Structures are given as structure tokens and as C-alpha cells.
Amino acid sequence: MTRDVKEIFSGDSPPAPAALAAKVRTLAPSMTRSMQLVAEAVAGDPAGCAALTVTGLAERTGTSEATVVRTARLLGYPGYRDLRLALAGLAAHQESGRSPAVTADIAVDDPIAEVVAKLAFDEQQTLADTAAGLDTVQLGAAVAAASTARRIDIYGVGASSLVGQDLAQKLLRIGLIAHAHTDPHLAVTNAVQLRAGDVAIAITHSGSTGDVIEPLRVAFDRGATTVAITGRPDGPVSQYADHVLTTSTARESELRPAAMSSRTSQLLVVDCLFIGVAQRTYETAAPALAASYEALAHRHAPRTR
């Protein structure tokens, strides 16, 4: 199975205006430079671009009409007319008093109070972007598969491995068999044991982490339902994913590496996945969760002297 960006983001209707800026931030790194110019223009000045014809936007960005149309389609709109309508809606949304979407990078001499404010703003934006761009149909399908899975294997390395361990722990506490694999050799040897009715979840911000893609490919070939949580839906990992859950791609800086922002968006996605599974398995999940709380309660009780 192969997928391209257009297929992954296509749906029954164009994305809502509020999701446009999030999609631009997510997809821009994988666009050609000329398409990036168009995407940056519409996200930076939605009101101004909404007033332009396709020819006018092409002239403003120094590109071609074909590039403008291709960019509109890549962002999920049937054509430029639909993109203009979304831009007008986004402009009205911003004029209603919403905070600006861009904040300054953290500088090495920033006071700690300013660091806190900037990080809080950036993380709020990352969460909002991820929520706006998350395909709930794909999420629902992943939830349905995980809810009835014989076992769930989760693959991730580096910062993504921490997110995988978080998801595995949550699923275990509601009675599901879930394992997070961080060793690439063990991940592959475990993936070989999967079959139809099992679920494999790969977490990779770049979408191209070989140590994560390899076990997912093996799981896919064995007939398991496969899920990719990634910031690059056009990356190689999507070739072996039945369901793709896209995370937001935030701007990097010297003091804010990609791992920080990707972790924030990944945690939101796995929390949504977990809650969906807990809802669908509530009759068994609730007693299992209560039992785990009771089993650990004595560890949280104050010690007596």
C-alpha cells in the first residue's frame, strides 16, 4: 500500500478555516519551495490573499497559477475558489480577537518568566494545531481496531519511545495487552508474531525513522492493523500504515528542538486514542482501572512511624 499527502488529507469536505494555518505548518516542510511561498503567503495574510485572484496570488508569490492550484489541493481544497473562501473565514476568525499565531523564539538571555510564557504559548499552539489537523475518521478506525485487538505493539525511539511507553502503560491499566518496544531488534522479532486482529502502532515525528518503520512493515506484512502517528504524513512510514494520525509540526529553534514540540503533539494524539479505546471497552476498562488503583494505593499512603 502506498499513500500520498493528498490521499491522506483528503476527506468528504474541505478543512475548516480554523484548520488552515495548522495544515500549512504541518505540510510546508514537505512542499516544494514554490508551493511553500504560496502556503506561507496565505497563512501569513489570509485577508489580503482572499482578495486576490489565482493570477494575483501567483504574481504576489512569484510562482505560477498551476502552483497556486496545486497548493490549494494539497491543503485539502478542491480548487482555488474553495481556498479563497477558507481564507476569508480565517481572516474573520483572526479579526475576532484571537491571539497571533507566531511568537518569538526563546533567546539565550531571556528571563525565566519570559521563557515560561513563550513555552506555554508555543505548546498551546501545538496542541491547537494538532487538534485542528487530526483526522477523526482515521482516529476512530484506529480506536476500533485497538479496542478489539488480541495484542498491541508500539514502536518508537528517542523522545517518541517515551510517548509509546506512556500509551502502553495506559492501555495495560484498562486490561489490554500492550507492549512498547524501544529496542529495534526486539521490535522486529515481536512484530513477526503479529497477525490479523493485532494492532501495531509506530510513533515517529519525521516519518522516516528506520528503526520504527521496519517493525511496522513486518507487522503490516503479517496482517496486523497498522497505525502511524507522525508529523510527516507523506513520509515512508505511511506506506505501511492502515491509519495515519498526523501531529503538528512546530518551528524549531536553538533552544527548542523538534523533540519537544513533537512530544507535546504526540501525547495529545495517544491520549485521544486511549480515551476512545476506554470508552469503547468501558464495561471491562472501568473495573480494570479501579483494580489497578487499588493495587497501587498502599504505595501512595503516607508512611507511619
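Higher on the page you've got the structure.
As the structure is a prediction and not an experimental result, all values here were calculated from the model. (Residues numbered from 1 in each chain as written. Predicted model: local features only at pLDDT ≥ 70, side-chain atom pairs only at ≥ 80, totals over all residues. Heavy atoms only, no water.)

**Quick look at the packing of helix α5 (residues 54-61) against helix α6 (residues 65-74)**
In a packed pair of helices, the relevant descriptors are the angle between the two axes and the axis-to-axis distance.
Part 1: Where α5 contacts α6, the two axes come as close as 8 Å, and the packing angle between them is 100°. One finds that α5 runs roughly perpendicular with respect to α6. Contacts between α5 and α6 involve V54, T55, L57 and A58 from the former and E65, V68 and V69 from the latter. (Axes fitted to C-alpha atoms, helices over the stretch in contact; angles between N-to-C directions. Helix = DSSP H or I, 4+ residues; strand = E, 2+ residues; numbered from the N terminus. Parallel < 35°, antiparallel > 145°, perpendicular 65-115°, else oblique. Contact = heavy atoms within 4.5 Å.)

**Things to note about the pattern of salt bridges**
Charged atoms that come close allow side chains of opposite charge to pair.
Part 1: Scanning the entire structure with this criterion turns up seven salt bridges.
Part 2: Between E40 and R33 there is a salt bridge whose closest N-O contact spans 3.5 Å.
Part 3: The class for E40 is partly exposed, based on a relative accessible area of 40%.
Part 4: Residue D153 pairs with R151 through a salt bridge whose shortest N-O separation is 3.0 Å. R151 carries the same exposure label as D153, and that label is buried. (Salt bridge = Lys/Arg side-chain N within 4 Å of Asp/Glu carboxyl O. Buried < 20%, exposed > 50% of the residue type's maximum accessible area, 1.4 Å probe, protein only.)

**Looking at the sheet that holds strand β4 (residues 225-230)**
Part 1: One open sheet holds the five strands; their spatial order is β2-β1-β3-β4-β5, and the pairing between them is parallel. Bordering the open sheet on either side are β2 (178-181) and β5 (243-246), each of which pairs with just one other strand. Between one strand and the next, the sheet's axes are offset by a mean angle of 15°, whatever the strand orientation.
Part 2: Direction of pairing for β4 relative to β5: parallel, over a ladder of four bridges. Bridging from a neighbouring strand, A228 pairs with V244 of β5.
Part 3: Sheet strands touched by helix α9 (residues 136-147): β1 (152-155), β3 (199-204), β4 and β5. Its angle to β5, the strand with the most contacts, is close to 125°.
Part 4: Of the strands in this sheet, β1, β2 and β3 touch helix α10 (residues 159-173), which is tilted by about 170° from β2. (Pairing = 2+ DSSP bridges.)

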